[in-house]
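Breakdown of the fold
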Amino acid sequence: RRLMEPVLLNHIDFYRHLSPVAKVKFLYRCAAFMQRKRFIGKEELEITEEMKMLISAAAVQLTFGLREFQLEHFDTIIVYPGVYTSPLTGANHLGETSIKGVIVLSWQHFLEGYKSSTDKINLGLHEMAHALDLSRMVKASDPFFHAYFVKWHAVAGETFNEVNQEEEHFLRKYSGTNDREFFAVSVEHFFE
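Just so you know, these numbers come straight off a predicted model, no measurement behind them.

**Side note on helix α4 (residues 49–63)**
With 15 residues, α4 should reach 21 Å at 1.5 Å per residue; the first-to-last C-alpha distance of 21 Å fits that figure. Counting buried positions along α4 gives 12 out of 15 residues, so the element sits mostly inside the fold. Those residues of α4 lying buried are Met51, Met53, Leu54, Ile55, Ser56, Ala57, Ala58, Ala59, Val60, Gln61, Leu62 and Thr63.

Right, here's the structure in full:
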């Protein structure tokens with residue numbers, strides 16, 4: 001806890017605003033998440049304990065109200081120093097999440113996501129939202145989240161249509177790409 005708490009206090013607004021009891025729960029969940037995932041640095045990026053803590057904190061922040069917080073299906077987290085060319089798509093990416101159990105992040109953009117808590121852009125939360133969403137497809141999601149998502153999706157359709165029809169909307173245009181991006185961008189907005 002002594003090593004993890006200063007890092008979280010320095011970077012994660014969500015953690016700073018938790019009660020002392022909730023902070024203990026958050027720290028426990030971060031440690032558990034870190035132990036169960038394989039972190040791989042690309043392009044000579046060396047993965048540090050601080051990087052593991054912050055990436056784990058993004059997942060824990062997103063799943064904090066759920067019983068199942070591990071995102072069990074996702075066992076590998078690949079981290080690039082910055083924008084990278086995806087071997088899957090051949091396009092440049094900041095992050096991506098695969099149904100095969102892999103989450104990929106640009107470390108530069110991950111950190112930028114936590115520098116401002118009001119710009120409504122947070123790559124860590126965005127990609128963890130994709131992982132949470134995809135967990136439903138592989139039947140590895142928290143039962144409460146699964147039931148809630150069905151209700152959320154039913155009422156969110158109108159807003160999804162508005163994003164694509166209106167010139168200016170409170171959600172950024174990228175959220176109108178498809179249902180998955182709509183959910184991930186909505187998560188960013190919710191937390192920021």
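**Quick word on the environment of Val163**
Among the secondary structure elements, Val163 is positioned in helix α7 (residues 143–165). Judged by relative accessible area, Val163 falls into the buried class, the value being 1%.

**Regarding the packing of α4 against helix α6 (residues 123–137)**
Contact geometry of α4 with α6 gives a least axis separation of 9 Å together with a crossing angle of 60 degrees. When the axes of α4 and α6 are compared, the pair comes out oblique. In this structure, the crossing between α4 and α6 has a hand that is right-handed. Two secondary-structure elements touch here, α4 through Ile55, Ala58, Ala59, Gln61, Leu62 and Thr63 and α6 through Gly124, Leu125, Met128, Ala129 and Leu132.

**Description of unusual backbone geometry**
If you check the backbone angles, Glu43 has positive phi at about 55 degrees while not being a glycine. Secondary-structure assignment places Glu43 in the loop between β1 (38–41) and α4. A relative accessible area of 52% means that Glu43 is categorised as exposed. At Leu71, a position not held by glycine, the phi torsion is positive, near 50 degrees.

**Considering the sheet that holds β1**
In spatial order, the strands read β1-β2-β6-β5; together these four strands make up an open sheet with mixed pairing. Two strands close off the open sheet at either side, each with one partner strand: β1 and β5 (95–98). Across the sheet, the mean angle separating the axes of adjacent strands is 15 degrees when strand polarity is ignored. Across four bridges, β5 lies against strand β6 (residues 102–106) in antiparallel orientation. The residue of β6 that forms the bridge with Ser98 is Val102. Across the sheet, helix α5 (residues 107–115) touches β2 (76–80) and β6, and the angle it forms with β6 is around 75 degrees. Here α6 sits on the sheet and contacts β5 and β6; the angle it forms with β5, its principal contact strand, is near 15 degrees.

Calculation rules
Residues numbered from 1 in each chain as written. Predicted model: local features only at pLDDT ≥ 70, side-chain atom pairs only at ≥ 80, totals over all residues. Heavy atoms only, no water. Helix = DSSP H or I, 4+ residues; strand = E, 2+ residues; numbered from the N terminus. Expected span 1.5 Å × (residues − 1). Buried < 20%, exposed > 50% of the residue type's maximum accessible area, 1.4 Å probe, protein only. Axes fitted to C-alpha atoms, helices over the stretch in contact; angles between N-to-C directions. Parallel < 35°, antiparallel > 145°, perpendicular 65-115°, else oblique. Left-handed = near helix turned anticlockwise from the far one by under 90°. Contact = heavy atoms within 4.5 Å. Pairing = 2+ DSSP bridges.

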